[in-house]
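A structural walkthrough
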Amino acid sequence: MQQTELIPADMKVLMNHIYEYQKGVRQMVLFTFNKRYEQFALQRLERQNISYIVQQVDGTRLNLFFGRKECLDAIRLFVTRPLSQLTPEEDFILGAMLGYDIRMQCERYCQRKCKSCKQAQ
């Protein structure tokens, strides 16, 4: 009987992100996944000489940023806390760097900025 190794759906998504990065579709990727797959994910990136940053989300999940060195250098400068604690400006920059729809990023920025303005009053 032949045994085949099943690849979890999360890791298939990671492999698709890596493929898109290598083809130039993305300059940088943010991938959130279960901590139990950390070794698999990091080994995959290291084998392909892809730079990365790991950020703890909670007890079971990690954020994995990977991509161009210049992008990761910028990430190291302003993503120094949980993503939910980024300022509206930092959140906007991150979304733009990840290639998110700029119109939607503008809407998100305005919503977050207005919310923070109301909280400050």
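Located above this text is the structure these notes cover.
Residues numbered from 1 in each chain as written. Predicted model: local features only at pLDDT ≥ 70, side-chain atom pairs only at ≥ 80, totals over all residues. Heavy atoms only, no water.

**Thoughts on the side chain of Glu-90**
Definition in use: Each helix is a run of DSSP H or I of at least 4 residues and each strand a run of E of at least 2, with the numbering of both proceeding from the N terminus. A 1.4 Å probe rolled over the protein chains alone gives each residue an accessible area, and that area as a share of the maximum for its type sets the label: buried under 20%, exposed over 50%, partly exposed in between. Each polar contact in these results corresponds to two N or O atoms within 3.5 Å; when the atoms are within protein, one needs to be able to donate a hydrogen and the other to accept it, and residues that are neighboring in sequence are counted only if both atoms are side-chain atoms. What makes two residues a contact is simply this: any of their non-hydrogen atoms within 4.5 Å.
Its place among the elements puts Glu-90 in helix 4 (residues 88-97). Glu-90 gets classed as buried once you look at its relative accessible area, which sits at 16%. Reaching out from Glu-90, the side chain makes a polar contact with the side chain of Arg-81 at a distance of 2.3 Å. Reaching out from Glu-90, the side chain makes a polar contact with the backbone nitrogen of Thr-87 at a distance of 2.9 Å. In contact with Glu-90, other than residues within four places in its own chain, are Phe-78 and Arg-81.

**As for the packing of aromatic side chains**
What counts is decided by this rule: Note on ring pairs: Phe, Tyr and Trp rings are taken, using the six-membered ring of Trp, and paired if centres are within 6.5 Å. Classes follow the plane angle, with under 30 degrees stacked, over 60 edge-to-face and the rest tilted.
Tallying each qualifying case throughout the model produces three aromatic pairs. Considering the side-chain rings of Phe-31 and Phe-33, the 5.2 Å spacing of their centres and the 10 degrees angle between planes classify their relative orientation as stacked. With respect to class, Phe-31 is no different from Phe-33; both count as buried.

Remember that the coordinates give geometry; whether it matters functionally is a separate question.
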